[in-house]
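Examination of the molecular architecture
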Amino acid sequence: MTAYRKLRVIISGGGTGGHIFPAVSIANKLKEVNPETEILFVGAEGKMEMEKVPAAGYEIVGLPIVGLQRQLNFKNIVNDLKVPFKILQSIHKAGKVIDEFKPDIAIGVGGYASAPLLWKATAKKVPALIQEQNGFAGLTNKLLAKRVGSICVAYDGMERFFPADRITFSGNPIRSEIHPYGEAEKAEGMEYYRLDPAKKHLFIVGGSLGAGTLNRAMRKWIEAGCPGSEGIEVLWQCGRYYKKGIDEFMAGRELPFIHYTDFIGRMDLAYACADVIISRSGASSVSEICAAHKAAIFVPSPNVAEDHQTHNAMALVSKDAAMLVRDADAETKLLPTAIELLGNPEKIKELERNVAPLARPDAAQTIIDEVYRLV
């Protein structure tokens, strides 16, 4: 077994769960291979990493960095005028953090905060690595690519964005509890979510805030009388942002086969129960569905830079490992497509067979080995 010496590691980035959860997975693996390793996170002030990272048990420092807003209004113009000053402040603060912490390596996972931190780290000759979760590289990682020693990616063809000689195919690190599930875990999930084992199960997941399109598609189907719902149960995660409106919509409707909630506490058990999953196609969601070996219908969000969710989904769709419904078509086509798939066990088995080889359960370990190689 490889001997992993104690390191001092800075991990920077965030802004979304898609950046934060892989970062925490990398940190957890670093602590697993050597519990004495010291880890400091660097995020953007006011962003969700400032809450999620301490909840995972790690210290985090915030930079005053903000991103450019592309929509034209007064508030965004004021924000964009501040951006150059915020960048300079962030670079200065990042330098002080590096001087005080003295890291052996800096790891960037994308998002605003990783740019000033890795820029300053590489200027100070600290070894650096970036992890790109998506099939279409983010702006921050493209800017940093020539300054770092290694670039860990999750999709083929990333030499379009990065120097080929620095690319390592790692996959995306995910939560350790996500894996293929057996009958015992499925039974535990049925009990936990109070589901009927005799029925087929559709799991709709819109992320922590929810997805308006997926919720509207569900409402449309319910208003139409839930056609095709015989023998089916739905576990529907609507998101905190939409919960009040869904409560009002569902008031007075007797639909015991629809279980809706704002938040899914046990994603592992929800995956274990699901015959079919409807999801956005953020990088972490795609990687988890691959790891769970589940049949999925992706609805890529149109509200992301460079339409990268479509690139993520198509990497599976092109291999007959998932299905895709466009966001613009979801209200009319999504639930009928899901109901049709639930009624086709052969197609479900085919998607499960084809998605299984795309899982990368050792992604975090691959990244850790690159970290130690660079150090």
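Residues numbered from 1 in each chain as written. Predicted model: local features only at pLDDT ≥ 70, side-chain atom pairs only at ≥ 80, totals over all residues. Heavy atoms only, no water.

Details of the sheet that holds strand β10 (residues 258–261)
Spatially, 6 strands are ordered β10-β9-β8-β11-β12-β13 in an open sheet, and the strand pairing comes out parallel. For this open sheet the edge positions go to β10 and β13 (323–324), each flanked by a neighbour on one side alone. As paired elements, strand β9 (residues 232–237) and β10 share 4 bridges and run parallel to each other. Bridging across to β10, Trp-236 finds its partner in Tyr-260. Relative to β9, helix α7 (residues 212–223) is tilted by about 145 degrees, and along the sheet it contacts β8 (200–205), β9, β10 and β11 (276–279). (Pairing = 2+ DSSP bridges. Helix = DSSP H or I, 4+ residues; strand = E, 2+ residues; numbered from the N terminus. Contact = heavy atoms within 4.5 Å. Axes fitted to C-alpha atoms, helices over the stretch in contact; angles between N-to-C directions.)

A short note on the sheet that holds strand β2 (residues 38–44)
Whenever strands of a sheet pair, they do so through backbone hydrogen bonds, lying parallel or antiparallel. Spatial ordering of the open sheet is given by β3-β2-β1-β4-β5-β6-β7, a layout of 7 strands whose pairing is parallel. Pairing within the sheet leaves two strands with one partner each, and these edge strands are β3 (59–63) and β7 (167–169). Averaged over all neighbouring strand pairs, the angle between strand axes comes to 25 degrees, with direction disregarded. Looking at chain direction, strand β6 (residues 150–153) and β7 are connected through 3 bridges and run parallel. For Cys-152, the partnering residue across the bridge sits in β7 and is Thr-168. Running over the sheet, helix α4 (residues 114–123) touches β1 (8–12), β2, β3, β4 (105–108) and β5 (128–132) and is turned about 150 degrees from β4. On the sheet, helix α14 (residues 363–374) packs against β4, β5, β6 and β7 and is oriented at approximately 160 degrees with respect to β5.

Quick word on the packing of aromatic side chains
In total, this model carries 8 aromatic pairs according to the counting rule given. Ring centres of Phe-203 and Tyr-271 lie 6.1 Å apart, and the angle between their planes is 75 degrees; this geometry places the pair in the edge-to-face category. One end of the pair, Phe-203, is in strand β8; the other, Tyr-271, is in helix α9 (residues 267–273), and 68 residues separate them in sequence. Residue classification places Phe-203 among the buried positions, given a relative accessible area of 1%. Judged by centre distance (4.9 Å) and plane angle (85 degrees), the ring pair of Tyr-241 and Tyr-242 falls under edge-to-face. Linked through ring pairs, Phe-136, Phe-161 and Phe-162 together constitute an aromatic cluster. Looking at Arg-253, its charged tip hangs above the ring of Phe-249, at a distance of 4.0 Å from the centre. Arg-266 extends its terminal NZ or CZ atom over the ring of Tyr-192, reaching a point 6.0 Å from the ring centre. (Phe/Tyr/Trp six-rings, centres within 6.5 Å; stacked < 30°, edge-to-face > 60°. Buried < 20%, exposed > 50% of the residue type's maximum accessible area, 1.4 Å probe, protein only. Lys NZ or Arg CZ within 6 Å of the ring centre and 35° of its normal.)

Some thoughts on the pairing of β9
The element β9 is largely enclosed, with a buried count of 6 among its 6 residues. The side-chain alternation of β9 yields two buried faces, one formed by Ile-232, Val-234 and Trp-236 and the other by Glu-233, Leu-235 and Gln-237. Here β8 pairs with β9 via 6 bridges, running parallel. Its bridge partner being in β9, Ile-204 is matched across the sheet by Trp-236. Running through helix α8 (residues 243–250), the crossover from β9 to the neighbouring parallel element β10 is right-handed. (Right-handed = clockwise from strand over helix to strand, strands pointing away.)

Overview of the packing of α7 against helix α12 (residues 330–342)
For the pair α7 and α12, interaxial distance at closest approach is 8 Å and the crossing angle is 75 degrees. It follows from the interaxial angle that α7 and α12 lie roughly perpendicular. Counting all contacts with α7, which are made through Thr-213, Leu-214, Arg-216, Ala-217, Met-218, Lys-220 and Trp-221, the residues of α12 involved are Ala-330, Glu-331, Leu-334, Leu-335 and Ile-339. Here the residues of the contact of α7 with α12 sort into 8 nonpolar, 1 polar and 3 charged. (Parallel < 35°, antiparallel > 145°, perpendicular 65-115°, else oblique. Nonpolar A, V, L, I, M, F, W, Y, C, P; charged D, E, K, R; others polar.)

Describing the layout of surface pockets
Counted as a void, the second largest pocket has a volume near 510 Å³. Lining the second largest pocket are 27 residues, and of these Ser-25, Ile-174, Arg-175, Ser-176 and Glu-177 sit closest to its centre. Going through the elements one at a time, α1 (17–33), α2 (49–55) and α14 are the ones with two or more residues in the lining of the second largest pocket. When residues of the lining of the second largest pocket are assigned to their parent elements, the largest contribution, 7 residues, is made by α1. (1 Å grid on protein atoms, 1.4 Å probe; cavity = no way out; pocket = protein on both sides within 12 Å on 5 of 7 lines; lining within 4 Å. Points joined across faces, edges and corners; volume = space filled by probe spheres on them.)

Let's talk about empty space enclosed by the protein
Tallied over the entire structure, the rule returns 1 cavity of 30 Å³ or more. For the largest cavity, the calculated volume is near 30 Å³. What lines the largest cavity is Gly-13, Gly-14, His-19, Ile-20, Ala-23, Phe-41, Glu-49, Val-53 and Val-109. When contributions to the lining of the largest cavity are tallied by element, the ones reaching two or more residues are α1 and α2. Taken together, the residues of the lining of the largest cavity break down into 5 nonpolar, 3 polar and 1 charged.

Describing α7
It helps to recall that an α-helix has 3.6 residues per turn; residues three or four apart then point in one direction. A rise of 1.5 Å per residue sets the reference length of α7, with its 12 residues, at 16 Å; its end C-alpha atoms lie 16 Å apart and thus fit the reference within 8%. Within the sequence span of α7, burial applies to Gly-212, Thr-213, Leu-214, Asn-215, Ala-217, Met-218, Trp-221 and Ile-222. Looking at the buried side of α7, the elements it contacts are β8, β9, α8, β10, β11 and α12. Where α7 ends, the next residue or the one after it, Gly-225, has phi of about 95 degrees, a positive value. (Expected span 1.5 Å × (residues − 1).)

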